[in-house]
Amino acid sequence: MKQRDDIRKTAEEDRAQESAVLQHILALHPTAITVEELVRELDPDRDSFGRRDAIERAVRDLAGAGLLHHSDSLVLPTRAALRFDQLLG
């Protein structure tokens, strides 16, 4: 039972991190941002490997879901993400 709770907690933390990353990138649009800049802006404790890893995973997973473009070092929202943001706004 404890293992299920840990998995559920990790999944919730991942979703929260993905949401924070996507919202930040949408707020910056049309300005492009690098992964390094994103980590610096979202992680005030720059020595935290765990936070950095979570941000990098969020970028990877959001790109895999079609919500971010991640080419070279730049991260940008996709047209689908921008349209969804317009619909919510």
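Predicted model only: the values in this text are computed from it and were never measured. The residue count restarts for each chain, going from 1 along the sequence in the order it is written. With the structure being a predicted model, the display of local features is reserved for residues of pLDDT at least 70 and the display and counting of side-chain atom pairs for 80 or more, all residues being used for whole-chain, interface and lining totals. Calculation of side-chain values draws on the structure's entire complement of heavy atoms; hydrogens and water are dropped beforehand.

Colleague: Where do I start with helix α2 (residues 35–42) in this structure?
Modeller: For the α-helix, the turn length of 3.6 residues means that residues three or four positions removed from each other point alike. Accessibility here uses a 1.4 Å probe with only protein chains present; expressed as a share of the type maximum, an area under 20% marks a residue as buried, one over 50% as exposed, and anything in between as partly exposed. Numbered from the N terminus, helices here are DSSP runs of H or I no shorter than four residues, and strands are runs of E no shorter than two. Taken as a whole, α2 has its buried residues at Val 35, Leu 38, Val 39 and Leu 42. Across the axial projection of α2, the buried residues extend over an arc of 100°, all falling on one side. Throughout, the arc means that of the directions going from the helix axis to the C-beta atoms.

Colleague: How should I be thinking about the pairing of strand β3 (residues 74–77) in this particular structure?
Modeller: Walk down a regular strand and you will see the side chains alternate between the two sheet faces. Only one face of β3 is covered, namely the one carrying Val 75 and Pro 77; the face carrying Leu 74 and Leu 76 has none of its residues buried. Between any two strands, pairing holds if DSSP finds at least two bridges. Across 2 bridges, the pairing between strand β1 (residues 33–34) and β3 is antiparallel. Across the sheet, residue Ile 33 finds its bridge partner in β3, namely Val 75. By the bridge criterion, 4 bridges tie strand β2 (residues 68–71) to β3 in an arrangement that is antiparallel.

Colleague: Just to check I follow, could you spell out the nonpolar core for this structure?
Modeller: Buried together is how nonpolar side chains tend to be arranged in soluble globular proteins. Nonpolar cores are built from buried Ala, Val, Leu, Ile, Met, Phe, Trp, Tyr and Cys residues. Side-chain atoms within 4.5 Å join them into one set. Within the largest apolar cluster, 16 residues are counted, with the highest numbers of intra-cluster contacts made by Val 21, Ile 25, Leu 38, Leu 68 and Val 75. Those residues in contact with Ile 25, other than ones at most four positions away along the chain, are Ile 33, Leu 38, Leu 68, Val 75, Leu 76 and Pro 77. Here, two residues are considered to be in contact whenever any of their heavy atoms come within 4.5 Å of each other.

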